[in-house]
Amino acid sequence: MGRMSLHCSLTCTLRITIFSSLSYRSVSSSAPDFFTSHQQPENLIPPPSLPPPQDPTTLNPNPRSRTPLEKQFETWVEKLKPGFTPSDVNEALRAQSDPDLAIDIFRWTAQQRGYKHNHVTYLTMIQMSISGRRYRHAETLVEEVIAGACPPSVPLYNSMIKFCCGRKFLFNRAFDVYKKMLKTDETKPSLETYTLLFNSLLRRFNKLHVCYVYLHGVRSLTKQMKASGVIPDTFVLNMIIKAFSKCLEVDEAMRVFREMGLYGCEPNAYTYSYITKGLCEKGRVNQGLGFYKEMREKGLVPKGSTYMILICSLAMGRRFEEATDVVFDMLSNSIGPDLLTYKTLLEGLCRDRRGDDAFELLEGLKKKDKMMNEKTYKTLLNGLHFLTRD
């Protein structure tokens, strides 16, 4: 039994040794005879064989196909022959309906030896980026132009100012572009430049204490516009008048009003409305009423807000007949006062011990004002009853 155990132990040891060495060697003609014989050891697992070499073209049987955008890009790149000019590039950019493809073409051409974009290609690319809502790209292009990426031009700078004025966080950048225009003889600001900047400033005149902050900018722009020889139009002068009126600087507003004839400009309904409203808010109701009458004589119709502040100002000054006339003039132009305006006039009559006149006026207003609903009428009527109770 001892010999048989020893024999089995040696046999197992030999098999393990052979199998271990087999795992590190390949089967070949140089292998020992017992590896190539048909009598293989029991439970022997053949070694893995290397896969046959494959053709590189068969490694990816489904290669990625080019996207339509890539195909279009390659098509336009092929059309741009060597030695292409900014005019060729501008034509290629304008032919694109996809702003991303236009941006790719713009960037690719900029990397080609011997080529440099000019103000025309930059203007086209900025306009396409804005219209395509690629605002980040537009911001980058603006910064490149400011850094001197291309020769300047007034249309390019105006387009940049317009874009910056329309973006909340680029407001100051618009004035950086404007200052750059002032320093270059070829790009002096135009009427469009000042129109964009004034309009941008006026949009921030939403509260009285904020108005004074930006009024300094309006004054500076006005002086620079005159110094540069740019002749303003009625639209620009109206914005200046509006700025002064909102800040209750009505004397300056009227000074600009009197200067309009020097520039060949005629005051319109907006001009009179801004001044009338500013005078009433300042407490100079007589002058405000005078401007209102002058505009009506010219056949001009005030804005609704101008009508209402004039009516309230007259009513609070106990000038009820004049206020009533203005109300009916307002209604004759299909403009309806709001509830506060009606209450100011009607309740003012009651407090002046003219309750009967107030009730009579309310009935007349109800017949004349087609926009007065039942709720407004009852609110006014209840208010009059409350004020005239014994």
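Right, let's walk through the structure included here. Within each chain, residue numbers correspond to sequence positions counted from 1 in written order. Owing to the predicted nature of the model, reporting of local features is limited to residues with pLDDT of at least 70; listing and counting of side-chain atom pairs is limited to 80 or more, with chain, interface and lining totals taken over all residues. Heavy atoms from the whole structure form the basis of all side-chain values; hydrogens and water molecules are not counted.

Now for the packing of aromatic side chains. Each Phe, Tyr or Trp ring (for Trp, its six-membered ring) is paired with any other whose centre lies within 6.5 Å, and the angle between the two planes then decides the class: stacked below 30 degrees, edge-to-face above 60, tilted in between. Under the defined criterion, the tally for this structure stands at 12 aromatic pairs. When the ring of Tyr178 is compared with that of Tyr194, the centres are 5.7 Å apart and the planes differ by 75°; the resulting orientation is edge-to-face. With Tyr178 in helix H9 (residues 171-182) and Tyr194 in helix H10 (residues 191-202), the pair connects residues that are 16 residues apart, well separated along the chain. Measuring from centroid to centroid gives 6.1 Å for Tyr292 and Tyr307, while their planes differ by 70°, and the two rings are edge-to-face. With Tyr292 in helix H15 (residues 285-297) and Tyr307 in helix H16 (residues 304-316), the pair connects residues that are 15 residues apart, well separated along the chain. Under the scheme used here, helices are H or I runs from DSSP no shorter than 4 residues and strands are E runs no shorter than 2 residues, and both carry numbers assigned from the N terminus.

This part covers the nonpolar core. Among the nonpolar cores identified, the biggest contains 72 residues, and Met160, Ile161 and Phe198 are the most heavily contacted of them. In this view, Phe198 contacts Val218, Leu221, Thr222, Met225, Val236, Met239 and Ile240; residues no more than four positions away in its chain are not counted. The next biggest cluster of nonpolar side chains, apart from the first, holds 31 residues, and it includes Val285, Leu349, Tyr377 and Leu380. Definition used in this section: a nonpolar core is a set of buried Ala, Val, Leu, Ile, Met, Phe, Trp, Tyr and Cys residues joined via side-chain atoms within 4.5 Å. Residue exposure (1.4 Å probe, protein chains only): buried if accessible area is under 20% of the type maximum, exposed if over 50%, otherwise partly exposed. Should any heavy atoms of two residues lie within 4.5 Å, those residues are considered in contact.

This next bit is on helix H12 (residues 234-246). Expected span of a helix, by definition, is 1.5 Å for each gap between consecutive residues, and there is one gap fewer than residues. Taking 1.5 Å per residue, 13 residues should reach 18 Å; H12 reaches 18 Å between its end C-alpha atoms and fits that length. Looking only at H12, the buried set comprises Thr234, Val236, Leu237, Asn238, Met239, Ile240, Ile241, Ala243, Phe244 and Ser245. Phi turns positive one or two residues past the end of H12, at Leu248, with a value near 60°.

Working definition: a disulfide is two cysteine sulfur atoms within 2.5 Å of each other. Per the stated rule, a full pass over the model turns up zero disulfides. There is no disulfide at Cys164, and the cysteine sulfur nearest it, in Cys165, is 7.1 Å away. On the basis of relative accessible area, Cys164 is assigned to the buried category, the value being 1%. Looking at Cys211, it has no disulfide partner, and the nearest cysteine sulfur is the one in Cys247, 4.3 Å off. Taking the relative accessible area as the measure of exposure, Cys211 reaches 2% and is therefore buried.

For the rest of this paragraph, the subject is unusual backbone geometry. A positive phi angle, near 60°, is found at Leu248, a position not held by glycine. In this fold, Leu248 is placed in the loop between H12 and helix H13 (250-259). Not every positive phi belongs to a glycine, and Arg353 is a case in point at roughly 60°. Relative to the assigned elements, Arg353 resides in the loop between helix H18 (339-351) and helix H19 (355-368).

We count a salt bridge whenever a side-chain nitrogen from Lys or Arg sits within 4 Å of a carboxyl oxygen from Asp or Glu. Inspection of the entire model under this criterion finds 17 salt bridges. Between Asp352 and Arg318 there is a salt bridge, with its nearest N and O atoms 2.4 Å apart. Of the two residues, Asp352 sits in the loop between H18 and H19 while Arg318 sits in the loop between H16 and helix H17 (320-332), which places them 34 residues apart along the sequence. The class of Asp352 is partly exposed, set by a relative accessible area of 22%. Residue Arg318 is classed as exposed on the basis of its relative accessible area, which comes to 58%.

Scope: geometric values only; no functional claims are made or implied.
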